[in-house]
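Each chain, written out:
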Amino acid sequence: MMPTDWSIVLNLSLPWIVVFAAATVTLLASASARLRTSPLVALTALAGIITAFVLSWQQWISGSGPIIATLAFDRLSSFGWLLILGIAALTILMSFSYLQDRHAGHPEYYALLLFSAIGMGVLISGYDLITIFIGLETMSVAIYALAGFFRERPQGNEAALKYFLTGAFASAFLLFGIAFLFGTTGTTDVGMIAAQQNQVLSSDLRSSFLFGLAMLVIGFGFKVAAVPFHAWAPDVYDGAPTPITAFMATAVKVAAFIAFLRIASAVLVLTGVLWEHLAWGLAVATMLVGNLAAIAQDNIKRMLAYSSIAHAGYLLVAFTALAQDPTGLSRGILFYLVAYLLMTLGAFAVVTATQETGEAADINLLAGLSKRRPWAAAMLALFLFSLTGFPPTIGFFGKYYLFLGTVKAGFIWLVVIALLNSAISAYYYLRPIVVMYFHEPRETEEKHALPLASPLVAVIAITAISVFLFGLLPTNLLAIVEHSVMAFLQ
Amino acid sequence: MTLNGLGLFILFAFALLLAGGMIALSSVLGRQKPSAGHLIPYECGIDPVAKPRHRLHVKFFLIAVIFIIFDVEVVFLYPWAVVFRDFVARGEGLFVFLEMMIFLGVLVIGLLYLWGRGALEWEE
Amino acid sequence: MLEFVYHYISVQTLVWLIVALPLAGAVFNGSLALITAHHGGGKDHHGHHHTPFRTLASTVGVLLPFAAFAAALLCFVTLTGFEEGAPSLITGPLSQWTAFPGLTIDIGLKVDQLSLVMALVVTGVGSLIHLYSIGYMSHDDGVVRYFAELNLFLFFMLILVLADNLVLMFVGWEGVGLCSYLLIGFWFEDPAKAKAGTKAFVVNRIGDAGFLLGLFLIYGVMAAAGADPATGYFNFETMSRYAPFFQPLATVIGLLLFVGACGKSAQIPLYVWLPDAMAGPTPVSALIHAATMVTAGVYMVVRLNFIYVLSPTALEVIAYVGAATALFAATMGLAATDIKKILAYSTVSQLGYMFLACGLGAFSAAIFHLVTHAFFKALLFMGAGSVIHALHGEQDIFKMGGLKPRLPVTCWTFLIASLALAGIVPTAGFFSKDAILWHAYSSGHVGLWLVGFVSAGLTAFYIFRLVGAVFFGSTNLPVDQWKRVVESPVSMLIPLILLGFLSAFGGLLGVPEILGGSDRLGEWLSGVVPLVGHAGGGASHAAEIILMVVATIWAANWSILGWVIYTQRRDWPERMAARFRWVYRLIVNRYFVDEIYDRLIVRPLIGVSRVFFWKTIDATAIDAIMVHGTANTVGVWARAVSLAQTGVVQQYLLYFLLGAVIVVVAVAL
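Residues numbered from 1 in each chain as written. Chains lettered and ligands numbered in written order. Predicted model: local features only at pLDDT ≥ 70, side-chain atom pairs only at ≥ 80, totals over all residues.

## Some remarks on the overall build of chain B
A count of helices and strands for chain B gives four helices and zero strands. Going from the N terminus to the C terminus, chain B shows its helices and strands as α-α-α-α. Taken over the C-alpha trace, chain B has a radius of gyration of 26 Å; the compact-globule value for 124 residues is 14 Å, which it surpasses by more than 25%. Classification of the 124 residues of chain B by burial places 1% in the buried group. (Helix = DSSP H or I, 4+ residues; strand = E, 2+ residues; numbered from the N terminus. Rg over C-alpha atoms; globule rule 2.2 N^0.38 Å. Buried ≥ 20, exposed ≤ 12 C-beta atoms within 10 Å, placed from the backbone.)

Below, the structure written as structure tokens:
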């Protein structure tokens with residue numbers, strides 16, 4: 001197991017080491033009474049993230065690396081890691097003013113954020129089920145803590161507890177599945193499982209092996225909030241601090257989906273029709289429940305929670321057809337992930353902005369936002385249009401590439417269902433826009449709001465520009481995604 | 001459905017049967033004569049002197065959690081120490097040693113944090 | 001100096017810069033406008049207009065177009081230096097816009113003889129008009145927004161002319177339309193002006209529909225021809241390589257695209273928006289509605305000449321529409337009294353000439369007239385603007401008169417431009433108009449030639465009517481007001497003088513051979529557009545000279561007549577109007593075309609829309625049944641689904657477990 005060249009390993013894992021170092025420094029700084037209140041802590045965390053981002057970008061440029069021990073250092077990993085770091089950086093920016101406005105500047109917040117990011121990195125790169133599990137747990141435990149970070153808020157505590165209980169439940173399934181796979185194949189290495197798969201499937205271990213795979217799917221289904229393993233999501237998203245909700249809705253999903261993509265394209269697709277039927281059912285259930293339940297929500301955070309469930313459903317649509325055209329669909333899935341994370345982060349950033357110093361997220365509170373904060377309102381409208389899938393936003397091209405590949409693979413009815421669901425989604429995405437622009441605000445509210453904190457403005461600006469720019473010129477992003485996909489499929 | 005599927009099914013059925021059976025059997029077989037004396041919590045035959053739902057100071061939990069962390073550390077150290085000599089013999093001693101040091105280092109960082117935050121001080 | 005520039009900037013970059021510099025100006029001024037919009041302009045306590053950043057916005061807004069012009073000039077110098085006669089540069093795909101299987105659209109610029117001429121005219125005339133705008137808009141609060149929109153217009157116009165594919169050209173096409181709409185309605189507080197902007201926009205939509213249909217057909221042709229999608233179906237190079245495949249559909253495609261050109265270039269029947277477009281600030285009329293945007297249709301036809309030459313029918317239609325427009329608009333110019341409206345009709349008429357040239361296959365003559373027209377018409381508009389500026393907004397020519405001593409520079413430059421418009425030797429307009437008329441005659445289209453000839457006379461008459469009424473004779477202004485009229489500031493006069501030179505001598509680009517010159521522009525463009533082959537020797541050199549002399553005398557005759565009547569015999573026209581009352585009424589009311597459109601198209605459409613589309617389809621079928629029906633159904637389901645979300649974590653785990661059982665049963669058993 002010992003790698004031959006240390007410097008290679010060190011070099012490849014440098015981004016992680018940087019993030020880990022930043023997390024450690026942040027954590028230790030929080031142990032000092034003097035540094036606890038200093039804004040330097042957030043800056044340290046941000047600096048670590050940005051350094052790691054640059055390093056991984058260089059890694060991506062230099063091409064795909066090898067699979068060393070239990071970690072794959074390919075372009076998919078670099079790409080996923082770039083996404084995670086980007087989200088983390090934006091979340092830190094978003095959190096900065098959020099914490100300041102609420103006079104809650106605990107540096108552990110940033111340390112936990114970074115630790116969870118490292119977990120995601122491991123999850124994305126993991127090429128061994130045990131490593132993947134460790135990554136998943138590292139990520140999750142930090143997020144559990146973050147969800148209930150403000151201990152004085154009962155909703156936060158409720159969110160953390162619910163997330164923890166259901167999460168532990170799901171982890172047990174995952175671990176159970178890993179045990180069965182190990183039992184039937186004698187290995188936890190994804191590549192080796194894939195290599196033995198056909199042999200195992202034709203032997204009398206077939207059922208046990210499939211049972212293990214089913215458990216694996218359930219474990220990941222929980223993390224991406226696929227129906228029926230989704231019920232935690234609305235409550236947790238609602239109760240957690242808004243920037244953390246944004247982080248959960250984007251980073252956790254991206255990490256889980258990329259890891260799932262790796263496993264699915266290596267192992268699951270080989271089961272053929274079986275996987276297609278299962279994913280078909282999951283996708284349809286997830287889309288339907290997500291979209292239908294979102295309509296009934298009056299709280300924008302809960303609405304976005306169901307929306308994120310629905311988007312997981314759209315992604316599962318592509319997973320269904322994965323075996324037919326691995327390259328095209330993986331490309332579509334990655335592109336959609338980028339689109340999804342940009343517009344969701346942006347939407348949550350605006351929600352953070354509209355919450356001022358409170359936690360209320362009732363949609364009716366948006367009334368008159370177009371006058372109070374015309375820019376924020378316009379940007380929220382942009383993100384919601386993008387989530388619905390209107391051109392020329394990135395959301396349109398995301399759906400386009402995703403569904404195009406699925407149609408080509410022959411799943412026409414599935415795409416029809418997905419498109420009907422998109423149509424339903426317009427109903428609840430457009431509602432906040434109507435409220436913002438056409439409803440009169442209540443008398444008690446001020447006409448003019450204070451200027452927004454600049455980090456928050458930066459987050460909204462970055463996401464909005466990306467949503468719009470990639471919507472106009474999607475090909476550059478598509479090329480990057482394509483290169484990322486090519487390597488891991490070979 | 002193959003024979004294997006059946007095996008899996010039998011496994012689950014057996015687990016369910018065993019767990020459910022025990023509870024069911026005890027309620028069926030056990031003689032139930034509820035009286036005041038039966039319902040008192042059993043404490044070595046002596047009448048309880050305090051409510052069992054006693055509220056403990058949160059510091060006990062904290063200490064317990066910290067203990068578990070370092071307990072796991074020790075548990076991990078033992079097997080490592082046992083096979084360490086073999087690794088040295090194979091010339092991989094440095095690598096394995098450094099790996100363990102990194103592991104310990106991470107825990108030390110945790111300890112430092114706890115120390116700094118005052119988790120180890122019993123008195124306020 | 002040039003060496004120094006080339007050392008740092010490649011030619012490709014230069015081409016890019018031509019487009020990017022105005023965009024930078026638009027972005028900069030746009031941001032400024034957004035910032036200042038919050039604080040508001042308004043007046044300070046002395047009552048002075050107070051616009052923050054006025055100087056900054058004007059400086060940036062003017063310097064960047066000039067820089068773009070410099071870049072275009074550098075390109076010109078560089079490219080002509082490289083290769084004698086055929087400068088051409090294609091930047092290639094600078095960026096890929098979209099890539100679908102079967103359709104690739106790149107963003108690339110193409111500099112060849114044709115687009116270079118256009119770019120030079122657009123940036124050159126454009127920057128002069130920008131400069132002029134500083135003075136003209138000096139009392140306006142919206143100057144920052146003004147420069148943002150004007151720079152944006154320049155950007156889109158350059159995209160239009162420099163695009164290397166038809167779709168990117170269409171982007172520019174729509175972009176200039178947008179800017180035109182914004183600038184016509186620049187003073188949107190006045191509902192009439194805002195409405196004029198809307199009218200321009202809506203009428204152009206009709207044309208754009210034709211353009212789009214043409215695009216779709218081109219796609220179909222290219223796909224059927226088996227062209228490689230990766231090279232871009234709409235790329236001009238690719239299209240021209242596949243030109244033979246267009247043969248069967250050339251007429252349809254050509255005419256559909258010409259519908260688009262009719263909208264943009266204000267030809268019959270879609271010209272109605274241009275006179276109303278005069279609601280915008282006068283420099284806007286000069287730049288957009290005279291010199292550049294309205295000529296986009298001509299440019300498009302010339303650019304796609306390889307399709308048009310395949311269809312004599314389409315060319316014939318273009319020629320007749322052009323000639324008809326030239327005559328029709330010229331008659332309307334006779335009766336208009338608003339100085340800008342007269343010039344607007346004149347523009348429509350001159351654009352008709354250009355299309356006439358296109359229709360005759362004399363593409364280079366069309367471009368020649370486009371260029372000279374850009375010079376003298378921009379000058380006419382700016383002169384008119386100078387008059388309006390000096391008279392604080394007065395636009396009725398019969399309330400002016402005798403302004404020559406008060407506005408000497410304006411008057412003389414205006415006169416030069418009028419001579420050019422009338423086509424008097426040796427101004428620019430003479431050569432270009434003569435080239436068109438000669439092509440009409442020599443190719444055997446005597447009827448078309450006659451229409452052009454008559455229109456030329458009318459043109460001479462109405463423009464000198466304007467000159468006589470505004471600058472000469474006795475003044476109709478109150479004497480004390482007349483005395484207070486002062487010449488415009490220098491920044492407005494410099495562009496007038498420069499364009500005066502160009503209007504006077506721009507004709508040297510294409511002096512006919514028999515006058516000892518050579519058609520330089522035609523030779524220059526010969527790499528891009530086909531040289532016109534004349535129908536046999538039906539016309540001799542003698543004929544050409546005779547025609548030229550006749551045309552000049554004809555124009556001069558009408559010019560003098562117009563000038564004399566409106567300088568000294570101002571009661572004549574009224575008597576004439578009284579005698580030919582119905583003709584006069586017809587012309588004054590612009591042949592009732594707006595009213596006819598209203599009765600024939602707009603009102604029936606509104607009627608049908610109200611009863612059928614709105615009440616029946618929209619309100620009942622769509623709104624009541626489909627929209628609310630589905631919404632209610634979905635809403636019921638939504639409530640049902642969200643009932644499952646009880647908040648009790650045990651139930652969540654139950655769902656989880658049930659789901660897990662289903663998954664396991666589905667997969668493992």
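## Considering the overall build of chain C
On a plain count of helices and strands, chain C comes out with 27 helices and two strands. Against the globule reference of 26 Å for 669 residues, chain C gives a C-alpha radius of gyration of 28 Å, in line with a compact fold. Across its three principal axes, chain C shows a C-alpha extent of roughly 105 × 65 × 60 Å. Considering only residue pairs separated by 6 or more positions, chain C has 81% of its internal contacts joining residues 24 or more positions apart. (Contact = placed C-beta atoms within 7 Å.)

## Overview of the interface of chain C and chain A
Each partner contributes to the interface: chain C provides 28 residues, whereas chain A provides 30 residues. Every element with two or more residues in the side of chain C that touches chain A is listed here: β1 (89–100), α26 (593–643) and α27 (649–668) of chain C. Element by element, the count of residues in the side of chain C that touches chain A is highest for α27(C), at 13 residues. Classifying every residue of the side of chain C that touches chain A by side-chain character gives 19 nonpolar, eight polar and one charged. (Nonpolar A, V, L, I, M, F, W, Y, C, P; charged D, E, K, R; others polar.)

## Let's talk about the domain arrangement of chain B
Each assigned domain of chain B is listed here: domain 1 (3–39) and domain 2 (58–117). Centre-to-centre, using C-alpha coordinates, domain 1 of chain B lies 41 Å away from domain 2 of chain B. (Domains from an automatic or database assignment.)

## Re the environment of C358(C)
Residues and elements named next belong to chain C. Residue placement: C358 occurs in helix α15 (residues 339–359). Taking the C-beta count within 10 Å as the criterion, C358 has 29 such neighbours and is therefore assigned buried. Taking the C-alpha atoms as reference, C358 lies 36 Å from V27; in sequence the two are 331 residues apart. If we skip the residues at most four places from it in the chain, C358 touches V298, V301, V302, I318, F363 and A366.

## Concerning unusual backbone geometry
Most peptide bonds adopt trans geometry, and most residues besides glycine take a negative phi value. The amide bond that connects P391(A) to the next residue, P392(A), takes the cis arrangement and shows omega of 0°. Put simply, V425(C) and P426(C) share a cis peptide bond, and its omega is -5°. Mapped onto the elements, P426(C) comes out in the loop between α17 (408–422) and α18 (428–442). Residues other than glycine seldom take positive phi values, yet A225(A) does so here, at roughly 60°. Backbone geometry places A266(C), a non-glycine residue, at a positive phi of 55°. Topologically, A266(C) is positioned in the loop between α9 (250–264) and α10 (273–276).

## Looking at helix α11 (residues 282–291) of chain C
Within α11(C), 10 of the 10 residues are buried, which leaves the element mostly enclosed by the surrounding structure. Taken together, the buried residues of α11(C) touch α4 (113–136), α5 (143–162), α6 (166–184), α10, α15 and α16 (363–390) of chain C.

## Considering the packing of helix α12 (residues 273–295) of chain A against α26(C)
Packing of α12(A) against α26(C) brings their axes to within 7 Å, and their N-to-C directions diverge by 100°. Here α26(C) runs roughly perpendicular to α12(A), going by the angle between their axes. The segment α12(A) lies against α26(C), with V289(A), L292(A), A293(A) and I295(A) engaging V634(C), G635(C), W637(C), A638(C), V641(C) and S642(C). (Axes fitted to C-alpha atoms, helices over the stretch in contact; angles between N-to-C directions. Parallel < 35°, antiparallel > 145°, perpendicular 65-115°, else oblique.)

## Let's talk about the nonpolar core
Burial of nonpolar side chains together is a common tendency in soluble globular proteins. Counting residues in each nonpolar core, the largest one holds 216 residues, and the members touching the most others are I18(C), L158(C), L356(C), A366(C), I367(C) and A378(C). When neighbours within four sequence positions are excluded, L158(C) is seen to be in contact with I18(C), V19(C), P22(C), A119(C) and V122(C). With 212 residues, the next largest nonpolar core counts F133(A), L304(A), F319(A) and A376(A) among its residues. (Core = buried A, V, L, I, M, F, W, Y, C linked by C-beta atoms within 7 Å.)

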